[in-house]
Amino acid sequence: MSEVLEPNAQKERISLTQKDLTKCMLRFAIFPMSTINYERFQTLQFFMAMSPILEKLYSTKEDRIAAGKRHMAFFNTTPEWIGFIIGLVTATEEQAANMPDSDEKTELQDSTNVIKASLMGPLAGIGDSLRATADAIIGAISAGFALSGSILGALTMFVLGNIYYLGIAYYGYFYSYKNGMKVISEMNKTNILERIMHSATILGMTALGALIPSWVGFNLRTNIHIGDYVLDIQAELDKIIPGLAPLAFTLFVAWLYRKNMTSLKLVGLIFVLALVFSLIGISL
Amino acid sequence: MNIELGYAIYVSLVCTFFGWLQYGMYGFRLVEPIICGPLVGLFLGDIQKGIIIGGTLQLVYMGIQGVGAAIPVNKTTATTIATALSIIAGLDLTAAVTLAVPASVLGQVGRMIAWTINAPLMHVADRYAEDAEYKKMNRLTYVGAFVFFVTEFIPVFASVYFGAQFVTQLHENMPVWLNNWLTVSTRMLPALGFGMLFSMMYKINYIPYFLIGFVICTVFGGSLLSIAIIGAAMAMIAFFDSAQQGDRRRRRGA
């Protein structure tokens, strides 16, 4: 005994238009964090992005209540990768909405939460690391411009940063929507996520090798007088290999971080060390 | 220098807006220090300072980002407050960067409070879902975004209004040792972001690539962009190589 809200929408096959999809994509890409909270993280924003699609697919109040509840289940992942998941969910909901009422239909609808639960963890793990790597490279190149006083730095970050963010959001969404559930089996077969992660780490590590000596200022510029002999520590170190001091210091910080020292404590440590170094005048 | 209340509110609103964007309107990445630095500078009449402070903080906070459910020390609040105060009080770069550290913690606390306040919204949304009131559920987005604005505004206003005078006084009587200290710490701080990044990506297999990047930079003086391209080339080799291996394995299996 369902209350029919839009009687004409019954019986015909309901298919989503490019406009519906774009709307959903923009909603999750621009507002993924507006109601983020400690209880259910991005849940409400996931629902918010889905809601125009759900309204179009389900015209009865009963169906809408069920859909609303379904998509208020826990959700959280790296924002640009929401698209990948929400695309699959959109495709699944569209398929389910066009089925006659049956156990099969309910099962398909419930499977959307399985999709979310099984993908959001792995995608967040990969997404966060990829983002950190991309940001480090884009950020360092942009910062190079900015530190010489050019607005080009901000523009580079804006353009490249958004190509990365919106690019993944857009292609992730439409790719997974078009290919549906076979995306998952394809993903497992080709091991694509692991391979992307592996390649990105290679790029990240290469860049990091260059970033550390370029940007970490840790030079032992001091002369030690031993009788008539003047020992210039930095000049001696440079003879071994330039950039050794910043490298050693950064690896020391990395090691402490691996030993579970928090970033705030590390900031404190750096300030204390800086005080010591500045007082005895060995680093600038 | 006493800052006028009206001006303090204007400055705080500008700073709060850019800090708020991170949650209110996440898309478009305007919250990166390197971008919001000049934007805050634009509104306060000194873009150049914003560019330099933003660029420096981009490096300092590189690699410090939210992983999973943890809220990171906030780089956006750090940038907006540091830029604003240094324009108001005429600070130099090193002092501004140092100022950014307490500001970033302040921004983090504000956000943790917002994350807590927003939790009950979920239950309100659940209740609306019982009646299929999608419009009302969507409207909660504004509530959440508003909470983020308020929790950002309060600490920002406090730092701008009460901080300006304190910072100006400090700056006028800054002893040499303090200035030296801050200069040294500014140069050392990027080690933190890079260190965190390193430990995140670390695996013994990747050390060769790290060494290649290091040596090309220090010994051969290669630019960052050229090294990024070499890195991308090696990444592509690895990517295509693994695809072929997968194909071979599948063919053998078939």
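Nothing here was measured: the structure is a model prediction, and the numbers come from that model.

Rules used throughout
- Residues numbered from 1 in each chain as written.
- Chains lettered and ligands numbered in written order.
- Predicted model: local features only at pLDDT ≥ 70, side-chain atom pairs only at ≥ 80, totals over all residues.
- Heavy atoms only, no water.
- Contact = heavy atoms within 4.5 Å.
- Buried area = accessible area lost by both parts, 1.4 Å probe.
- Salt bridge = Lys/Arg side-chain N within 4 Å of Asp/Glu carboxyl O.
- Axes fitted to C-alpha atoms, helices over the stretch in contact; angles between N-to-C directions.
- Helix = DSSP H or I, 4+ residues; strand = E, 2+ residues; numbered from the N terminus.
- Parallel < 35°, antiparallel > 145°, perpendicular 65-115°, else oblique.
- Left-handed = near helix turned anticlockwise from the far one by under 90°.
- Core = buried A, V, L, I, M, F, W, Y, C linked by side-chain atoms within 4.5 Å.
- Buried < 20%, exposed > 50% of the residue type's maximum accessible area, 1.4 Å probe, protein only.
- Nonpolar A, V, L, I, M, F, W, Y, C, P; charged D, E, K, R; others polar.
- Patch = residues over 30% accessible without salt bridge, like charges linked within 9 Å, V, L, I, M, F, W, Y side chains within 5 Å.
- Areas by Shrake-Rupley, 256 points an atom, 1.4 Å probe, with all protein chains shown as cover.
- Lys, Arg positive; Asp, Glu negative; His and termini not counted.
- Charge placed at Lys NZ, Arg CZ, Asp CG, Glu CD.
- Domains from an automatic or database assignment.
- Expected span 1.5 Å × (residues − 1).
- Phe/Tyr/Trp six-rings, centres within 6.5 Å; stacked < 30°, edge-to-face > 60°.
- Lys NZ or Arg CZ within 6 Å of the ring centre and 35° of its normal.

Moving on, we come to the interface of chain A and chain B. If you look at the interface, chain A gives 107 residues, while chain B gives 98 residues. Buried surface at the junction of chain A and chain B, summed over both partners, amounts to about 9300 Å²; 75% is from carbon and sulfur atoms. When the buried surface of chain A facing chain B is broken down by residue, Tyr38, Met205 and Phe271 of chain A rank first, second and third, together holding 8% of it. Put simply, chain A and chain B have 3 salt bridges between them. With a shortest N-O distance of 3.4 Å, lysine 69 of chain A and glutamate 130 of chain B are connected by a salt bridge.

At a minimum axis separation of 10 Å, helix H8 (residues 192–215) of chain A and helix H9 (residues 190–201) of chain B run at an interaxial angle of 155 degrees. Classified by the interaxial angle, the pair formed by H8 of chain A and H9 of chain B is roughly antiparallel. Crossing geometry of H8 of chain A relative to H9 of chain B is assigned as left-handed. Facing Thr201, Gly204, Met205, Leu208, Leu211, Ile212 and Trp215 of chain A of H8 of chain A, the residues of H9 of chain B in contact are Pro190, Phe194, Leu197, Phe198 and Met201 of chain B.

On to the nonpolar core, then. Membership of the largest hydrophobic core comes to 154 residues, with the highest contact counts inside it found for Phe28, Ile85, Ile86, Tyr173 and Leu208 of chain A together with Phe194 of chain B. The element contributing the most residues to this core is helix H5 (residues 103–147) of chain A, with 12 residues. Setting aside chain neighbours within four positions, we find phenylalanine 28 of chain A in contact with Ala49, Pro79, Ile82, Gly83, Ile86, Tyr165, Ala169 and Tyr173 of chain A. Formed by 7 residues, the second largest nonpolar core is a distinct cluster that contains Ile138, Ala146 and Met157 of chain A together with Ile51 of chain B.

All names here are of chain B. At a minimum axis separation of 9 Å, helix H2 (residues 33–44) and helix H4 (residues 75–89) run at an interaxial angle of 35 degrees. Judged by the sense of rotation from one axis to the other, the crossing of H2 with H4 is right-handed. Residue-level contacts link Pro33, Cys36, Gly37, Val40, Gly41 and Leu44 of H2 to Lys75, Thr76, Thr79, Thr80, Thr83, Ala84 and Ile87 of H4. Residue classes in the contact of H2 with H4 are distributed as 6 nonpolar, 6 polar and 1 charged.

Here we take up a positive patch on the surface. Residues Lys19 and Lys23 of chain A together with Lys135 and Arg139 of chain B make up a contiguous surface patch of positive charge. Contributing elements (two or more residues each) for the positive patch: helix H1 (18–30) of chain A together with helix H7 (134–172) of chain B. Here arginine 139 of chain B shows up in helix H7. Given the relative accessible area of 48%, arginine 139 of chain B is considered partly exposed.

The next thing to look at is the domain arrangement of chain B. Much of the literature gives interface size as the accessible area that the parts lose upon coming together. In terms of domain boundaries, chain B breaks down into domain 1 (5–189) and domain 2 (203–254). Taken over C-alpha atoms, the centre of domain 1 of chain B sits 37 Å from the centre of domain 2 of chain B.

A few words on helix H4 (residues 82–97) of chain A. Compared with an ideal rise of 1.5 Å per residue, which puts 16 residues at 22 Å, H4 of chain A spans 22 Å between its outermost C-alpha atoms and is within 8% of the ideal. Among the 16 residues that make up H4 of chain A, 15 are buried, leaving the element largely enclosed by the rest of the structure.

To describe a pair of aromatic rings, one takes the distance between the centres and the angle between the planes. This structure, assessed with the given rule, holds 26 aromatic pairs over all chains. Judged by centre distance (5.0 Å) and plane angle (85 degrees), the rings of phenylalanine 47 of chain A and tyrosine 134 of chain B are edge-to-face. Placement of phenylalanine 47 of chain A in helix H2 (residues 43–57) and of tyrosine 134 of chain B in helix H7 is noted, with the two residues assigned to different chains. The two residues phenylalanine 47 of chain A and tyrosine 134 of chain B agree in class, both being buried. Taken together, the ring pairs connect Tyr38, Phe41 and Phe74 of chain A together with Tyr23, Trp115 and Phe148 of chain B into an aromatic cluster. Taking NZ or CZ as reference, arginine 195 of chain A lies 4.4 Å from the ring centre of phenylalanine 239 of chain B, over its face.

Moving on, we get to a negative patch on the surface. Together, Asp103, Glu104, Glu107 and Asp110 of chain A give the surface a local cluster of negative charge. Following the sequence through the fold, glutamate 107 of chain A ends up in helix H5.

Position of phenylalanine 198 of chain B among the secondary structure elements: in helix H9. For the pair phenylalanine 198 of chain B and phenylalanine 210 of chain B, spaced 12 residues apart in sequence, the C-alpha to C-alpha distance is 9.5 Å. When residues no more than four places from it in sequence are discounted, the contact partners of phenylalanine 198 of chain B are Met205, Leu208, Leu251 and Ala254 of chain A together with Ile207 and Phe210 of chain B.

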